[in-house]
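# Examination of the molecular architecture
Each chain is listed here by its residues.
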Amino acid sequence: MKTCLVVDDSSVARKIARRILVEIGFNVIEAEDGEQALEACKASLPEAILLDWNMPVMDGYDFLGNLRGMPGGDQPKVVFCTTENDIDHISRALHAGANEYIMKPFDKDIVSAKFQEVGLIAEAMSAASA
(Lines give C-alpha, C1' and ligand atoms only; values in the text may rest on other atoms or scores of the structure.)
Protein backbone atom coordinates (compact mmCIF):
# COMPACT_ATOMS: atom_id res chain seq x y z
CA MET A 1 0.00 0.00 0.00
CA LYS A 2 1.31 3.44 -0.92
CA THR A 3 1.82 6.14 1.67
CA CYS A 4 0.76 9.77 1.44
CA LEU A 5 2.15 12.47 3.72
CA VAL A 6 -0.46 15.16 4.37
CA VAL A 7 1.19 18.47 5.31
CA ASP A 8 -1.18 21.16 6.55
CA ASP A 9 -1.32 23.39 9.62
CA SER A 10 -5.11 22.91 9.74
CA SER A 11 -6.20 19.82 11.67
CA VAL A 12 -9.55 19.96 9.82
CA ALA A 13 -7.85 19.91 6.41
CA ARG A 14 -5.64 16.99 7.52
CA LYS A 15 -8.69 15.08 8.78
CA ILE A 16 -10.59 15.59 5.51
CA ALA A 17 -7.54 14.62 3.44
CA ARG A 18 -6.94 11.52 5.59
CA ARG A 19 -10.53 10.33 5.09
CA ILE A 20 -10.31 10.78 1.30
CA LEU A 21 -6.87 9.18 0.98
CA VAL A 22 -7.77 6.14 3.08
CA GLU A 23 -10.85 5.66 0.87
CA ILE A 24 -8.68 5.59 -2.26
CA GLY A 25 -6.23 3.14 -0.73
CA PHE A 26 -3.38 5.07 0.92
CA ASN A 27 -1.69 4.83 4.27
CA VAL A 28 -1.61 8.36 5.67
CA ILE A 29 0.93 10.14 7.81
CA GLU A 30 0.52 13.76 8.86
CA ALA A 31 2.65 16.82 9.56
CA GLU A 32 1.58 20.26 10.78
CA ASP A 33 4.28 22.21 8.94
CA GLY A 34 7.16 21.85 6.50
CA GLU A 35 9.72 21.18 9.23
CA GLN A 36 7.76 18.19 10.60
CA ALA A 37 7.19 17.00 7.02
CA LEU A 38 10.90 17.14 6.26
CA GLU A 39 11.66 15.06 9.35
CA ALA A 40 9.03 12.51 8.27
CA CYS A 41 10.60 12.33 4.80
CA LYS A 42 14.08 11.84 6.27
CA ALA A 43 12.70 8.86 8.23
CA SER A 44 10.89 7.34 5.24
CA LEU A 45 9.99 8.89 1.88
CA PRO A 46 6.30 8.55 1.00
CA GLU A 47 5.09 7.93 -2.55
CA ALA A 48 2.81 10.98 -2.39
CA ILE A 49 2.71 14.30 -0.57
CA LEU A 50 -0.38 16.49 -0.29
CA LEU A 51 1.19 19.83 0.59
CA ASP A 52 -0.33 23.03 1.95
CA TRP A 53 1.47 26.14 0.80
CA ASN A 54 0.86 28.62 3.64
CA MET A 55 2.09 27.24 6.98
CA PRO A 56 4.06 28.51 9.98
CA VAL A 57 7.62 27.36 10.82
CA MET A 58 8.39 26.23 7.24
CA ASP A 59 6.02 26.87 4.34
CA GLY A 60 5.32 24.52 1.45
CA TYR A 61 7.72 26.30 -0.90
CA ASP A 62 10.71 25.95 1.45
CA PHE A 63 9.76 22.36 2.28
CA LEU A 64 9.58 21.46 -1.40
CA GLY A 65 13.02 22.96 -2.09
CA ASN A 66 14.49 20.96 0.79
CA LEU A 67 12.68 17.76 -0.26
CA ARG A 68 13.81 17.93 -3.88
CA GLY A 69 17.40 18.45 -2.68
CA MET A 70 17.41 15.28 -0.54
CA PRO A 71 18.69 11.92 -1.80
CA GLY A 72 15.59 10.33 -3.38
CA GLY A 73 13.66 13.57 -2.87
CA ASP A 74 12.78 13.68 -6.54
CA GLN A 75 10.67 10.51 -6.17
CA PRO A 76 7.55 11.52 -4.21
CA LYS A 77 4.71 12.96 -6.27
CA VAL A 78 3.84 16.29 -4.72
CA VAL A 79 0.35 17.76 -5.11
CA PHE A 80 0.15 21.13 -3.46
CA CYS A 81 -3.09 22.51 -2.05
CA THR A 82 -3.79 26.19 -2.16
CA THR A 83 -6.47 28.80 -1.70
CA GLU A 84 -4.48 31.04 -4.08
CA ASN A 85 -5.66 30.83 -7.67
CA ASP A 86 -3.40 33.32 -9.41
CA ILE A 87 -1.15 31.92 -12.13
CA ASP A 88 2.06 33.34 -10.58
CA HIS A 89 1.45 31.41 -7.36
CA ILE A 90 0.72 28.17 -9.22
CA SER A 91 3.65 28.65 -11.61
CA ARG A 92 6.04 29.24 -8.69
CA ALA A 93 4.95 25.99 -7.05
CA LEU A 94 5.28 23.94 -10.24
CA HIS A 95 8.74 25.42 -10.92
CA ALA A 96 9.75 24.55 -7.34
CA GLY A 97 9.04 20.89 -8.08
CA ALA A 98 5.36 20.30 -7.40
CA ASN A 99 3.85 17.75 -9.80
CA GLU A 100 0.30 19.10 -9.68
CA TYR A 101 -1.96 21.35 -7.63
CA ILE A 102 -5.49 21.40 -6.29
CA MET A 103 -7.60 24.23 -4.96
CA LYS A 104 -9.10 24.23 -1.48
CA PRO A 105 -11.67 23.11 -0.64
CA PHE A 106 -11.16 19.76 -2.37
CA ASP A 107 -13.15 16.54 -2.45
CA LYS A 108 -12.57 12.86 -3.24
CA ASP A 109 -13.18 13.30 -6.98
CA ILE A 110 -10.63 16.11 -7.24
CA VAL A 111 -7.96 14.26 -5.24
CA SER A 112 -8.56 11.03 -7.17
CA ALA A 113 -8.32 12.83 -10.52
CA LYS A 114 -5.08 14.60 -9.63
CA PHE A 115 -3.50 11.45 -8.15
CA GLN A 116 -4.48 9.62 -11.32
CA GLU A 117 -2.90 12.38 -13.47
CA VAL A 118 0.45 12.02 -11.71
CA GLY A 119 0.36 8.22 -11.84
CA LEU A 120 -0.29 7.47 -8.17
CA ILE A 121 -3.52 5.56 -8.79
CA ALA A 122 -4.87 3.70 -11.79
CA GLU A 123 -8.00 4.88 -13.59
CA ALA A 124 -9.87 1.68 -12.71
CA MET A 125 -8.99 2.14 -9.04
CA SER A 126 -10.37 5.68 -8.88
CA ALA A 127 -13.50 4.65 -10.80
CA ALA A 128 -14.03 1.58 -8.60
CA SER A 129 -13.77 3.66 -5.43
CA ALA A 130 -16.19 6.33 -6.67
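Residues numbered from 1 in each chain as written. Predicted model: local features only at pLDDT ≥ 70, side-chain atom pairs only at ≥ 80, totals over all residues. Heavy atoms only, no water.

## Overview of the overall build of the protein chain
Using the following cut-off: In this text, helices come from DSSP runs of H or I with a minimum length of four residues, and strands from runs of E with a minimum of two, each type numbered from the N-terminal end. In this setup the radius of gyration rests on C-alpha atoms only. A globule is expected at 2.2 Å times the number of residues raised to 0.38. For each residue, the accessible area found with a 1.4 Å probe, counting protein chains only, is set against the maximum for its type, and the residue is called buried under 20%, exposed over 50%, and partly exposed in between. Should any heavy atoms of two residues lie within 4.5 Å, those residues are considered in contact. Areas reported here follow the Shrake-Rupley algorithm with a probe of radius 1.4 Å; residue values treat only the protein chains shown as occluding. Charged residues are defined here as Lys and Arg on the positive side and Asp and Glu on the negative side; His and the ends of the chain fall outside this count. Think of each charge as sitting on NZ of Lys, CZ of Arg, CG of Asp or CD of Glu.
In terms of regular secondary structure, the protein chain is built from six helices and five strands. Its C-alpha atoms give the protein chain a radius of gyration of 13 Å, near enough to 14 Å, the size a compact globule of 130 residues would have. The dimensions of the protein chain, computed from C-alpha atoms along their principal axes, are 35 × 35 × 25 Å. Burial statistics for the protein chain: of 130 residues in total, 45% are counted as buried. Expressed as a percentage of contacts within the protein chain between residues at least 6 apart in sequence, the contacts between residues at least 24 apart total 58%. In the form shown here, the protein chain has an accessible surface area of approximately 6,500 Å², with 50% of it arising from carbon and sulfur atoms. The average position of the 12 basic charges and that of the 21 acidic charges among the side chains of the protein chain differ by 5 Å.

## Focus: the environment of P56
Note that P56 resides in the loop between β3 (48-52) and α3 (60-69). As a C-alpha pair, P56 and E39 span 17 residues in sequence and 15 Å in three-dimensional space. With residues near it in sequence (within four places) discarded, P56 still touches D9 and D33.

## Topic: helix α5 (residues 108-117)
Every buried residue of α5 is listed here: K108, V111, S112, K114 and F115. Downstream of α5 by one or two residues, G119 has phi in the positive range, about 85 degrees.

## Brief notes about the confidence of the model for the protein chain
Short version of the rule: You can read pLDDT as the predictor saying how much it trusts each residue, on a scale of 0 to 100.
For the protein chain, per-residue confidence averages 90 on the pLDDT scale, and residues scoring 70 or more make up 94% of the total. Of the regions scoring below 50 in pLDDT, residues 125-130 engages in nine contacts with residues more than four places distant in sequence or in other chains.

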